[in-house]
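# Analysis of the macromolecular model
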Amino acid sequence: MPGVIATANRVNDFVVKFANVNGTGSASANSLVMKAIFRMGVPVTGKNYFPSNIQGLPTWYEIRVTRDGYTARASQVDIMVAMNAETYSRDVREVNSGGYLIYDSTWPRSSLLQRGDITVIEVPLAKLVNENFDGVRNRILLKNIAYAGVLAALIDVDLEVISALLSESYGKKPKLLDSNTKALRLGYDYVKQNLTSPLPLRVEHMDKTRGHIMIDGNTAAGLGCVYAGATVGAWYPITPSTSLMDAFKGFCERYRVDPETGERNFAVLQAEDELAAVGMVLGASWNGARAFTPTSGPGISLMNEFVGLAYYAEVPCVIFDVQRVGPSTGMPTRTQQSDLMLCAYASHGDTRHVLLFPANPEECFYLAVQAFDIAERLQTPVFVLSDLDIGMNDWMCPDLQWDDAYRPDRGKILSPEELAGLEKFYRYVDRDDDAITYRTLPGTSSKGAYFTRGSGHNQYGAYTEDSAEYQFVLDRLKRKFANAPKYLPKPVMVGAGASDVGIVSLGSCDGAIREALDVLGRQKINVDYLRVKAFPFNNDVEAFLKSHSTIFVVEQNRDAQLKSLLTLETAVEKSKLYSILSYSGFPMSAEPIVNGIRAKLAEAPRLTAVPRKI
């Protein structure tokens, strides 16, 4: 391995990035390496950056090996596995000084790989595979497994762990198991026989993944829908939310089919567009089913008309918005948090909606369950705003827990006996003075029948164009929204609460912020952090905003949408809020947060994070 650059030993703390061609089957090999490191007890995260259009374009997969359990994207690449000659120039630029680049040396090395401060590792992967396997497609697929073997030798991944993973995947297909095992050994043995290994960047067994799983947010949310008792899902396929419905369907086929009769106790409907999909969900919800639709920003745009109907007619439903880059089609396979304002006030007229903000796949599971309870308790649409990073990437999360004593909160639904005791049922009369009215389900009793109106209606459910009657209903809906925080998840507070400086954020920014807090803490800069989990905001958010003189609002969009919501919906002084924004389409790292806070505090030394006197 000529030209090796001296690098300090770093164990269980580095980043590997794979540069591939989309459609060549590289995902299996990349995932194999990540899972093997995870099974060695070492915390990892996996970020997939893939094209939105056709096979043959560049794709990247990034594994962060992180003994400290950080979940954010790192700001540098230590090892680049460059398998796409078209992106060599870009890939070599990303490697951190002192890092490594591995490439297929079957063909002469491009001058684009020349960089004096990194080590280039040459492995004739195509030659090795072509000499040992037949068939063009087979060789392409197995070259990926071969480079997984190369990397395993270089960073000291336990070969027995990888072999066990291959056995789990191909144990029932002996020929595939044999060919994949052979390809793995080809790469591994080449390194051991021809190169110096392991590198100074390597992995060692730990015990930090016990009690954890690797899962993506869409799978976790789909499972949460099953546990919540959802039986109807309608959707129109759209990146990056389609796999949520795929997961729900898969779980239902496993757990919602009567073993004796074969009867399916669920319905999954693919609509002709997103407007039709949410219409199906409203129909199912009105009939008493727990129903939902997964989509992304463009789908929310199309759904607005029916969302307004659900808000005004008070029909519960759950909408999962796995956010991606906009506007318009935008970049469908990149992540962002740019639908906050769209969802908060979706539809024409005066509307406000409940939003939930999971920060990781674990919360996608739990908040999916809560979303259905909240929707039925408040009789309104509930949006769960995930994003592509959470929804489609690989996260290490604690084992999901479930309380078998859980029973769905169906809200204020009148039973036949309760209806019988009423002189007359009126759908929109606020009998309890809590702004939430009673509803009935079709088929319960003829006494509970009513006409659901999206047009002007009074508290008795009758059509009206009378100004006073219309305003009476609209004012009650406003009170219902104002009372909603009592039913919503509380924000998460990190810090002693003794600093003048605070961070407010939401969703997948959490991992980057927590890492930034550690970095700032080592620099003696103490910052309080409040993660909002729901909208409308509760009193804890108001109190946090009031008690800090400098507040950094961290979010992943261009126009500071969370900051806008805070200024619109709270009494915060706008001049106290400073935005730290990331809207590149890539998951946020800790670096811009650390740099943004340090730069601002340097401008105003009087606002440094010195504990206040109580």
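Up top is the structure.
Keep in mind the model is a prediction, meaning the values are calculated, not measured.

Thresholds applied
Residues numbered from 1 in each chain as written. Predicted model: local features only at pLDDT ≥ 70, side-chain atom pairs only at ≥ 80, totals over all residues. Heavy atoms only, no water. Helix = DSSP H or I, 4+ residues; strand = E, 2+ residues; numbered from the N terminus. Rg over C-alpha atoms; globule rule 2.2 N^0.38 Å. Buried < 20%, exposed > 50% of the residue type's maximum accessible area, 1.4 Å probe, protein only. Contact = heavy atoms within 4.5 Å. Areas by Shrake-Rupley, 256 points an atom, 1.4 Å probe, with all protein chains shown as cover. Lys, Arg positive; Asp, Glu negative; His and termini not counted. Charge placed at Lys NZ, Arg CZ, Asp CG, Glu CD. Pairing = 2+ DSSP bridges. Axes fitted to C-alpha atoms, helices over the stretch in contact; angles between N-to-C directions. Phe/Tyr/Trp six-rings, centres within 6.5 Å; stacked < 30°, edge-to-face > 60°. Lys NZ or Arg CZ within 6 Å of the ring centre and 35° of its normal.

The helix and strand inventory of the chain stands at 19 helices and 22 strands. Taken over the C-alpha trace, the chain has a radius of gyration of 27 Å; the compact-globule value for 614 residues is 25 Å, and the two agree within 12%. Reported as C-alpha extents along the three principal axes, the dimensions of the chain are approximately 90 × 70 × 40 Å. Out of the 614 residues in the chain, the part that is buried amounts to 55%. Pairs at least 24 apart in sequence give 75% of the contacts found in the chain among residues at least 6 apart. Of the roughly 25900 Å² of accessible surface on the chain, 50% is carried by carbon and sulfur atoms. Of the side chains in the chain, 64 bear a positive and 69 a negative charge, and the two mean positions are spaced by 3 Å.

Before going further, it helps to examine the sheet that holds strand 19 (residues 528-532). Sheets are built from strands paired through backbone hydrogen bonds, the pairs being either parallel or antiparallel. Taking strand neighbours across the sheet as the criterion, the five strands line up as 17-19-18-21-22 in an open arrangement whose pairing is mixed. The open sheet has two edge strands with one neighbour each: strand 17 (492-494) and strand 22 (577-581). Ignoring strand direction, the axes of neighbouring strands in this sheet form an average angle of 20°. Across five bridges, the pairing between strand 18 (residues 501-506) and strand 19 is parallel. When the bridges of strand 19 are listed, Val504 appears paired with Leu530. Across the face of the sheet, helix 16 (residues 510-522) comes into contact with strand 17, strand 18, strand 19 and strand 21 (550-555) while running at roughly 170° to strand 19.

Once that is clear, we can look at the packing of aromatic side chains. For the structure on display, the rule yields 17 aromatic pairs. Relative to Phe365, the ring of Tyr227 has its centre 5.5 Å away and its plane inclined at 75°; by these criteria the two rings are edge-to-face. One end of the pair, Tyr227, is in helix 7 (residues 217-228); the other, Phe365, is in helix 12 (residues 361-378), with 138 residues separating them in the sequence. For Tyr227, a relative accessible area of 37% puts it in the partly exposed group. According to the relative accessible area criterion, Phe365 is buried, its value standing at 2%. Relative to Phe320, the ring of Phe292 lies with its centre 5.8 Å away and its plane at 90°, an arrangement referred to as edge-to-face. On the criterion of sequence distance, the pair formed by Phe292 in strand 12 (residues 291-295) and Phe320 in strand 13 (residues 317-323) is long-range, its members being 28 residues apart. In this structure, Phe292 and Phe320 share a single accessibility class: buried. Clustering of aromatic rings is evident, with ring pairs tying together Tyr227, Phe365, Tyr366, Trp402 and Tyr406. Sitting over the face of the ring of Phe133, Lys182 holds its NZ or CZ atom 5.2 Å from the ring centroid. Geometry around Tyr438 places Lys412 over its ring, the cationic atom sitting 4.5 Å from the centre.

Time to look at the environment of Ala82. Here Ala82 shows up in strand 5 (residues 77-82). Here Ala82 falls in the buried class, since its relative accessible area comes to 0%. Taking the C-alpha atoms as reference, Ala82 lies 4.9 Å from Ala19; in sequence the two are 63 residues apart. Every residue in contact with Ala82, bar those within four places of it in the chain, is listed here: Ala19, Tyr88, Asp91, Leu101, Ile102, Tyr103 and Asp104.

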